Amino acid sequence: MEKKLKPSTLCVRGGWKPKNGEPVQPPIVQCTTFKYDNTEEMAMLFDLKKEGYFYTRLQNPTSDSVAAKIAALEGGVGGMLTSSGQAANFYAIFNICQAGDHFVTSNEIYGGTYNLFGVTMKKLGIECTFVNQDASEEEIQKAFRPNTKALFGETISNPGCRVLDIEKFARIAHRNGVPLIIDNTFATPINCRPFEWGCDIVTHSTTKYMDGHATQVGGCVVDSGNFDWDAHADKFLGLTTPDESYHGLTYTKAFGKGAYMTKLVAQLMRDLGSTPSPHNAFMLNIGLETLHLRMQRHCENAQKVAEFLHADPHVAWIRYCGLKDDADYELGQKYLPNGSCGVLAFGLKGDRDTAIKFMDSLRLVNIATHVADARSCVLHPASHTHRQLSDEQLREAGIAPDLIRFSVGIEDADDIIDDLKQALTQI
Ligand SMILES: *Cc1c(COP(=O)(O)O)cnc(C)c1O
């Protein structure tokens, strides 16, 4: 039913369905635990034989209503909120990978994800291979091994602003019998719904546009329900063989299309517990109510700012897929026909200090380790978010040392451009 409604309507009305006399907003169920009349009923919940709430670490009605809204926006079978985008990406992979497994990822990904995949998950015995997403299918194929369990990419990469060829990645993943997982944070389901292009699982840092007001950190995982785990049963034993922590229940047998999501909640969230607070979920929902309006304005403003920077003689290069001569213009037209996002990347003629002088001269635009919210802000990844990466790793991750990430907000575009103009004259 929900899936037939347009994304704008789902932003406002998805998820929470008040009954007669109930509040129009999902109530903040700020509670850790839920009461039952008898032991038998609660035992059924613990055995996953009945649906219901018993402890907020696993599930909470406020959070679930918001996850349902995001799942409806993406067109998935279910969603789960996490306490951060980092947790969302970790859970999405860890749900199908264990020690001894391997996955393949584009190297055009967020710095935090790069560290998680390349350093921390390696310590858990899960290896990954970074590939250049522009490489041919044959070239990317070489990264796959018999123990490869997933392929990963970002719809629009942070901070490089590259557009992923989702259909190409889906073809490669499926040829190898593994799901394609996409971090859709920057595009949001307003501008791209990766499931429509063959992606299987979507993740979000809801901290960004979904929240939109820089008020809470959060994440979400959504499953399309389309990947056939049983067809590759020997690869995904965690889903296709009995879980000893649930009395030998097998997720694919017991839950069908809901197998991946059920394992995510009932096993990973139970054991790792990166759950958001119900209050944060409530705030996230308020952000979601205007996501469609804000994305439109972010894109309009970013297009104007991109055209201004493109024409300015101080600017050495710029990446924004809305510019006709951008290398990803065609991919943008295909996957993001209504606009991409408010984030663009550029470099100034000069050296590292030129970038710093420019940023320090900005008056309206904030210097902030953030991106994708109502206020325009700017960041120099080489000296901020990605400072733990060596120059070589920076280049491998597609980040030039002079790259400035500019997140165009929803202020008046003229005021943003005026600020840029005055800062550019200072350098
Ligand atoms: C910010 C971000 C993350 C991490 O999300 P947090 O909410 O900060 O943990 C992951 N992926 C992308 C694309 C991001 O922009």
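Remember, predicted model here, so these are calculated numbers, not experimental data. (Residues numbered from 1 in each chain as written. Predicted model: local features only at pLDDT ≥ 70, side-chain atom pairs only at ≥ 80, totals over all residues. Heavy atoms only, no water.)

**Q** Just to check I follow, could you spell out the overall build of the protein chain for this structure?
**A** The helix and strand inventory of the protein chain stands at 17 helices and 12 strands. Taking 2.2 N^0.38 as the reference for a compact globule, 427 residues should give roughly 22 Å; the C-alpha atoms of the protein chain span a radius of gyration of 22 Å, in line with that estimate. Seen through its principal axes, the protein chain has C-alpha atoms that stretch 75 × 55 × 35 Å. Residues classed as buried in the protein chain amount to 56% of the 427 residues present. Long-range pairs, those at least 24 residues apart, make up 72% of the contacts in the protein chain between residues at least 6 apart in sequence. (Helix = DSSP H or I, 4+ residues; strand = E, 2+ residues; numbered from the N terminus. Rg over C-alpha atoms; globule rule 2.2 N^0.38 Å. Buried < 20%, exposed > 50% of the residue type's maximum accessible area, 1.4 Å probe, protein only. Contact = heavy atoms within 4.5 Å.)

**Q** I keep staring at the packing of aromatic side chains and nothing clicks. Help me out?
**A** Centre-to-centre distance and the angle between the planes together describe a pair of aromatic rings. One pass over the structure, following the stated rule, counts 14 aromatic pairs. Here Phe 103 and Phe 117 contribute two aromatic rings whose centre-to-centre distance is 4.8 Å and whose plane-to-plane angle is 85°, an arrangement assigned as edge-to-face. Linking Phe 103 in strand β2 (residues 102–106) with Phe 117 in helix α5 (residues 111–123), this pair joins segments that are 14 residues apart in sequence. Phe 117 sits in the buried class, given a relative accessible area of 1%. Within the aromatic cluster, the residues linked to one another by ring pairs are Phe 227, Trp 229, Phe 236 and Tyr 260. (Phe/Tyr/Trp six-rings, centres within 6.5 Å; stacked < 30°, edge-to-face > 60°.)

**Q** What is the right way to look at the pairing of strand β1 (residues 78–82) in this model?
**A** Remark: a regular strand shows side chains that alternate across the two faces of the sheet. Most of β1 is tucked away, with four of its five residues classed as buried. Relative to strand β7 (residues 219–223), β1 runs antiparallel, the two sharing five bridges. Counterpart to Gly 79 in the pairing with β7 is Val 222. (Pairing = 2+ DSSP bridges.)

**Q** Is there a simple way to explain helix α3 (residues 61–74) in this structure?
**A** It helps to recall that an α-helix has 3.6 residues per turn; residues three or four apart then point in one direction. Taking 1.5 Å per residue, 14 residues should reach 20 Å; α3 reaches 20 Å between its end C-alpha atoms and fits that length. Most of α3 sits out of view: 11 of its 14 residues are buried. Those residues of α3 that sit buried are Thr 62, Ser 63, Ser 65, Val 66, Ala 67, Lys 69, Ile 70, Ala 71, Ala 72, Leu 73 and Glu 74. Turning to α3, the residues buried within the fold contact α1 (7–13), β1, α8 (188–191), β6 (201–205), β7 and α12 (278–288). A distance of 2.8 Å separates the backbone nitrogen of Thr 62 from a side-chain oxygen at the start of α3, and that oxygen is part of Asn 60. (Expected span 1.5 Å × (residues − 1). Polar contact = N/O pair within 3.5 Å; in protein donor to acceptor, adjacent residues only side chain to side chain.)

**Q** Sorry if this is basic, but what is going on with the environment of Arg 363 here?
**A** Here Arg 363 lies in the loop between α15 (352–361) and β10 (366–367). Taking C-alpha positions, Arg 363 is 51 Å from Asn 176, a pair spaced 187 residues apart along the chain. Discounting chain neighbours no more than four positions away, the residues touching Arg 363 are Asp 419, Gln 422 and Gln 426.

**Q** What exactly am I supposed to notice about the UniProt feature "modified residue: N6-(pyridoxal phosphate)lysine" (unreviewed entry) in the protein chain here?
**A** Listed under "modified residue: N6-(pyridoxal phosphate)lysine" (unreviewed entry) in the UniProt record, and renumbered for this structure, are Lys 208. As for its position among the elements, Lys 208 is in the loop between β6 and β7. In this structure Lys 208 touches Thr 185, His 370, Val 371 and Ala 372, once residues within four positions along its chain are discounted. (UniProt positions renumbered as here; feature names shortened; annotations may be inferred.)

**Q** Where do I start with the site of the ligand in this structure?
**A** In the neighbourhood of the ligand, 16 residues make up the surrounding shell, with Asn 158, Asp 183, Ser 205, Thr 207 and Lys 208 lying closest. Within the contact set of the ligand, a nitrogen atom lies 2.6 Å away from a side-chain nitrogen or oxygen of Asp 183. One nitrogen or oxygen atom from the side chain of Lys 208 is found 2.7 Å from an oxygen atom belonging to the ligand. Taking 370 Å² as the accessible area of the ligand by itself, protein coverage stands at 92%. If you tally residues by element for the shell around the ligand, the top one is helix α4 (residues 85–94), at three residues. In terms of residue class, the shell around the ligand is built from three nonpolar, 10 polar and three charged. (Near = heavy atom within 4 Å. Areas by Shrake-Rupley, 256 points an atom, 1.4 Å probe, with all protein chains shown as cover. Nonpolar A, V, L, I, M, F, W, Y, C, P; charged D, E, K, R; others polar.)

**Q** Which parts of the structure should I look at to understand the sheet that holds β10?
**A** Either a parallel or an antiparallel arrangement is found when strands of a sheet pair, and the pairing is made through backbone hydrogen bonds. The five strands lie next to each other as β8-β9-β12-β11-β10, forming an open sheet whose pairing is mixed. Edge strands, defined here as strands with exactly one partner in the open sheet, are β8 (315–319) and β10. As judged from the four bridges shared by β8 and strand β9 (residues 343–348), these two strands associate in the antiparallel manner. Each bridged residue has a counterpart across the sheet, and for Val 315 the counterpart in β9 is Leu 348. In this fold α15 packs onto β9, β10, β11 (377–379) and β12 (404–407), with an angle of close to 125° to the strand it touches most, β9. (Axes fitted to C-alpha atoms, helices over the stretch in contact; angles between N-to-C directions.)

**Q** Hey, could you run me through the nonpolar core in this one?
**A** One recurring pattern in soluble globular proteins: nonpolar side chains tend to sit buried together. Ranked by internal contacts, the top residues of the largest apolar core, which has 98 residues, are Phe 103, Phe 117, Leu 180 and Tyr 260. At eight residues, helix α11 (residues 259–272) tops the list of elements feeding residues into this core. Summarising the domain contributions, this core has at least three residues from each of domain 1 (7–286) and domain 2 (292–425). Leaving out residues up to four positions away in the same chain, Leu 180 has contacts with Leu 151, Phe 152, Ile 166, Phe 169, Ala 170, Ala 173, Cys 199, Asp 200 and Ile 201. Formed by 27 residues, the second largest nonpolar core is a distinct cluster that contains Ala 302, Val 305, Ile 318 and Phe 358. (Core = buried A, V, L, I, M, F, W, Y, C linked by side-chain atoms within 4.5 Å. Domains from an automatic or database assignment.)

**Q** In this structure, what is going on with the environment of Gly 248? I would like to understand it.
**A** The residue Gly 248 is located in the loop between α9 (237–240) and α10 (251–255) in this model. Once the C-alpha coordinates of Gly 248 and Glu 127 are considered, the two residues, 121 residues apart in sequence, prove to be 28 Å apart. Not counting the four nearest positions on each side in its chain, Gly 248 is found in contact with Pro 242 and Asp 243.

**Q** Looking at this structure, I do not really get the domain arrangement of the protein chain. What am I missing?
**A** Frequently, the measure chosen for interface size is the accessible area removed from exposure when the parts meet. Domain annotation of the protein chain identifies domain 1 (7–286) and domain 2 (292–425). Once you take the C-alpha centre of each, domain 1 and domain 2 turn out to be 28 Å apart. Residue-level contacts link 36 residues of domain 1 with 38 residues of domain 2. Note on domain 1 versus domain 2: buried area summed over both sides is about 3,200 Å², and carbon and sulfur give 59% of it. (Buried area = accessible area lost by both parts, 1.4 Å probe.)

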